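Tertiary structure, described
Listed below are the residues making up each chain.
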Number of protein chains: 2
Amino acid sequence: MIPVNEKMLGLGEKSSAIREIFEYGNKRRAEIGAENVFDFSLGNPSVPAPMCVNETLVKLLEKEPDSVHAYTSGPGDRNVRASVAEYLNKTFGSEMTYENIYMTCGAAASLTSTLNAVINGGDEVIVFAPFFPEYRVFIEKAGGELVAVKCREDDLTIDARRFEESVTEKTKAVIINSPNNPTGVVISEKQLRDISGVLKRKSAEYGHIIYLISDEPYRELVYGGVKVPFVPDFYGETIICYSFSKSLSLPGERIGYIAVCEKATEWKRLFSAVCGAARSLGFVCAPSIFQKIVPECLGKTSDISVYEKNRNTLVGALTEYGYKLASPDGAFYLFLKSPDISAAAFCERAKKYEILLVPSDSFGFDGYVRIAYCVNPGMIDRALPGFRALAEEYKIKK
Amino acid sequence: MIPVNEKMLGLGEKSSAIREIFEYGNKRRAEIGAENVFDFSLGNPSVPAPMCVNETLVKLLEKEPDSVHAYTSGPGDRNVRASVAEYLNKTFGSEMTYENIYMTCGAAASLTSTLNAVINGGDEVIVFAPFFPEYRVFIEKAGGELVAVKCREDDLTIDARRFEESVTEKTKAVIINSPNNPTGVVISEKQLRDISGVLKRKSAEYGHIIYLISDEPYRELVYGGVKVPFVPDFYGETIICYSFSKSLSLPGERIGYIAVCEKATEWKRLFSAVCGAARSLGFVCAPSIFQKIVPECLGKTSDISVYEKNRNTLVGALTEYGYKLASPDGAFYLFLKSPDISAAAFCERAKKYEILLVPSDSFGFDGYVRIAYCVNPGMIDRALPGFRALAEEYKIKK
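Summarised in this report is the structure supplied together with it.

Here is what the cut-offs are and how they apply
Residues numbered from 1 in each chain as written. Chains lettered and ligands numbered in written order. Predicted model: local features only at pLDDT ≥ 70, side-chain atom pairs only at ≥ 80, totals over all residues. Contact = placed C-beta atoms within 7 Å. Helix = DSSP H or I, 4+ residues; strand = E, 2+ residues; numbered from the N terminus. Nonpolar A, V, L, I, M, F, W, Y, C, P; charged D, E, K, R; others polar. Pairing = 2+ DSSP bridges. Axes fitted to C-alpha atoms, helices over the stretch in contact; angles between N-to-C directions. Core = buried A, V, L, I, M, F, W, Y, C linked by C-beta atoms within 7 Å. Buried ≥ 20, exposed ≤ 12 C-beta atoms within 10 Å, placed from the backbone. Parallel < 35°, antiparallel > 145°, perpendicular 65-115°, else oblique. Left-handed = near helix turned anticlockwise from the far one by under 90°.

**Topic: the interface of chain B and chain A**
Taken residue by residue, the interface counts 67 residues in chain B and 66 residues in chain A. Looking at the side of chain B that touches chain A, the elements with two or more residues in it are α1 (6-13), α3 (51-63), α5 (106-118), α6 (134-141), α9 (267-281) and α10 (288-297) of chain B. Among the elements that line the side of chain B that touches chain A, the one with the most residues is α9 of chain B, at 11 residues. Residue composition of the side of chain B that touches chain A, by class: 37 nonpolar, 21 polar and nine charged.

This is the structure:
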């Protein structure tokens with residue numbers, strides 16, 4: 001055995017369940033043609049980036065062909081950071097400046113930089129199941145321990161009582177993700193007040209701050225007029241982890257930010273810890289030309305009406321076939337109750353109809369499947385007969 | 001005190017010595033005009049990116065306006081990885097495929113992903129002083145301990161005997177950096193044979209592999225026909241950490257790669273450990289559009305004749321004034337023996353002439369200053385009278 005780090009080797013050898021399904025899809029696409037495979041496995045935006053992205057890129061290459069590629073400071077270009085702060089202030093009434101904003105290489109970098117900034121060895125970080133599986137990887141690499149608190153079975157929302165019981169003296173931070181991957185649930189104002197109440201009581205009880213890390217790459221992806229509450233309005237000790245991957249459909253380019261809330265205690269020191277963590281992980285600066293498109297693209301999104309239409313088609317048809325699911329308010333995921341006791345068995349059977357789904361145990365929650373509906377609408381139409389046939393096989397009662 | 005990670009806070013609050021000098025330069029530029037400040041502090045490429053960079057970017061935005069921004073797999077786009085392998089094979093006679101190449105967000109990411117892949121808590125990593133100061137940050141964050149081995153005082157090359165004495169049972173890896181920052185020294189074939197000999201003897205003695213990490217962002221920046229030997233030709237257990245920041249003058253865009261040598265024992269597992277480490281640090285993929293310019297830009301460089309001219313001007317003039325320095329073969333740094341016992345005092349005195357230099361203690365080596373000559377040639381001409389006056393103040397004997 002070569003003398004590498006076993007834990008890193010394990011992470012590298014065991015690709016995520018989602019990736020495995022995607023690879024199976026690639027095999028089937030090669031075998032029977034892409035149009036015959038109904039792959040709902042990956043959260044890869046299916047609509048193109050808004051015009052502002054490529055237009056601004058071309059403009060920058062014309063106007064600043066050299067300086068646009070230069071280093072920025074670690075936290076990012078000052079004007080870019082100021083534009084993000086200004087946008088947040090205008091939209092949510094916060095009072096941030098460029099000093100609160102750290103530009104990152106996307107959501108994962110936002111999370112790892114934040115977690116490594118706040119975690120000391122042995123600290124616990126609470127997440128709500130179902131949760132994005134990489135949370136475990138990021139928390140454990142930062143020296144922390146993941147504590148999962150299950151959401152309610154009925155509506156997949158956070159159970160405040162169960163949450164309160166799970167906070168211990170070792171709890172350093174709590175991650176929330178709204179709109180949620182994999183459920184699409186948006187955390188309500190009422191729920192945020194409950195979460196904040198728990199955190200305030202427990203911080204007082206244990207005599208130290210518990211940070212709230214708000215992972216919100218899907219913030220703008222909401223449908224039917226739903227509003228995503230601004231988390232710092234409910235709890236001051238909040239760090240927002242944002243990414244433009246989904247809202248601007250540029251997941252490969254790695255651009256996002258961390259907003260260290262101005263209401264956080266000694267937020268400048270907290271910000272410095274984020275700087276130190278990002279530096280030690282090897283993030284020198286976020287890609288400079290993608291930083292510089294941000295001021296032109298803030299508040300804009302890809303054409304998310306496509307996702308809304310997909311959601312409505314799927315929710316309508318699947319409900320008609322007898323499946324149990326809540327209509328998700330946001331993101332581009334749908335969390336379907338598995339008609340089979342084993343979600344894995346249901347996913348296997350769905351493959352007969354070339355339908356690829358992710359079983360929910362990947363998200364720390366049994367008995368469901370995730371359907372990523374950021375896909376071509378035509379694919380949904382072609383997949384529906386398969387979903388109907390599956391419902392009949394399982395004799396689901398309507 | 002807020003409950004953040006103290007070590008990360010320390011790293012965030014204490015910016016590097018180099019950055020501090022650069023900030024002082026910004027202040028002076030604002031006060032007396034940029035043309036009157038002779039700032040040799042930063043290794044920021046002063047010549048523009050070669051045409052292939054922006055041309056390929058525009059072409060990609062025209063041809064694949066949407067798919068160019070999509071996720072690639074963690075290790076990168078397969079065609080891009082294959083092109084890097086092919087380039088290395090053609091240039092150096094290696095036998096790599098895409099499976100040996102991991103595309104990264106630049107040199108720092110290459111290093112942190114590699115170090116986190118191989119280090120287990122308490123392992124030692126040997127570096128040669130003077131060394132790039134971030135090595136310490138990266139090694140310690142990965143759970144390792146930095147062991148510095150001083151280069152020879154006379155020619156700043158590696159002292160193989162001193163190196164051999166410093167290898168212990170805990171030595172997991174050795175970092176070399178050629179052409180070197182801060183000295184410009186290129187490690188010769190003879191020296192690589194010596195290093196390899198030490199590593200082979202010590203690996204056998206301790207019964208485990210010692211990895212050689214070759215940090216080579218300056219590989220193409222060599223002058224006067226000097227060749228940089230290909231490290232895996234001398235030692236199989238080699239991991240190359242590369243960046244396009246310097247060769248293509250796009251340091252802000254964060255694009256580089258790791259090449260896990262095909263001669264390394266169980267290199268596929270070593271590669272997997274790199275994948276796992278990068279994933280856990282928050283690197284999802286290298287910026288996709290910058291990955292995709294790589295095949296068009298491999299083997300090309302910015303106009304490095306500017307750096308060579310700068311080097312020749314500076315070496316000629318400073319030698320004439322009586323300063324002691326070796327003519328560097330590569331990179332864009334010159335390591336000058338301080339005429340003052342205290343390099344810091346010399347740097348302070350140089351500020352009188354608006355000359356900004358970095359004292360060598362930042363690099364773990366006393367008594368020198370680093371001159372980054374990736375600057376506008378006119379600035380060198382304007383700075384020379386100051387260097388001459390300083391030599392006179394110190395009564396340097398010619």
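Now that the structure has been shown, the text picks up again.
**Observations concerning the environment of Val 53 of chain A**
Residues and elements named next belong to chain A. Its location among the elements puts Val 53 in helix α3 (residues 51-63). Distance in space between the C-alpha atoms of Val 53 and Leu 250 is 8.9 Å, their sequence separation being 197 residues. The contact partners of Val 53, leaving out residues within four places of it in the chain, are Leu 248, Leu 250, Ile 293 and Cys 297.

**Details of the sheet that holds strand β6 (residues 211-215) of chain A**
Residues and elements named next belong to chain A. What the seven strands build is an open sheet, ordered β2-β8-β7-β6-β5-β3-β4; its pairing is mixed. The two strands at the open ends of the sheet, each matched to only one other strand, are β2 (101-104) and β4 (145-150). Ignoring strand direction, the axes of neighbouring strands in this sheet form an average angle of 20°. Bridge count between strand β7 (residues 238-243) and strand β8 (residues 256-260): five bridges; the pairing is antiparallel.

**A word on the nonpolar core**
Membership of the largest hydrophobic core comes to 268 residues, with the highest contact counts inside it found for Val 274 of chain A together with Val 274 of chain B. Apart from the residues lying within four places of it in its own chain, the contact partners of Val 274 of chain B are Gly 12 of chain A together with Tyr 102, Ser 113, Thr 114, Ala 117, Ile 258 and Val 260 of chain B.

**Side note on the pairing of β7 of chain A**
Residues and elements named next belong to chain A. The element β7 is extensively covered by neighbouring structure, given that six of its six residues are classed as buried. Covered by surrounding structure in β7 are Thr 238, Ile 240 and Tyr 242 together with Ile 239, Cys 241 and Ser 243, the residues of both alternating faces. When β6 meets β7, the two strands line up parallel, connected through four bridges. Each bridged residue has a counterpart across the sheet, and for Asp 215 the counterpart in β7 is Cys 241.

**Notes on the packing of helix α11 (residues 305-321) of chain B against helix α13 (residues 377-393) of chain B**
All names here are of chain B. Contact geometry of α11 with α13 gives a least axis separation of 10 Å together with a crossing angle of 15°. It follows that α11 is roughly parallel to α13 by the angle criterion. Here the hand of the crossing between α11 and α13 comes out right-handed. Along its contact with α11, which presents Val 306, Lys 309, Asn 310, Thr 313, Leu 314, Ala 317, Leu 318 and Tyr 321, the element α13 presents Pro 377, Ile 380, Leu 384, Phe 387, Arg 388 and Ala 391. Among the residues making up the contact of α11 with α13, the classes are represented as 10 nonpolar, two polar and two charged.

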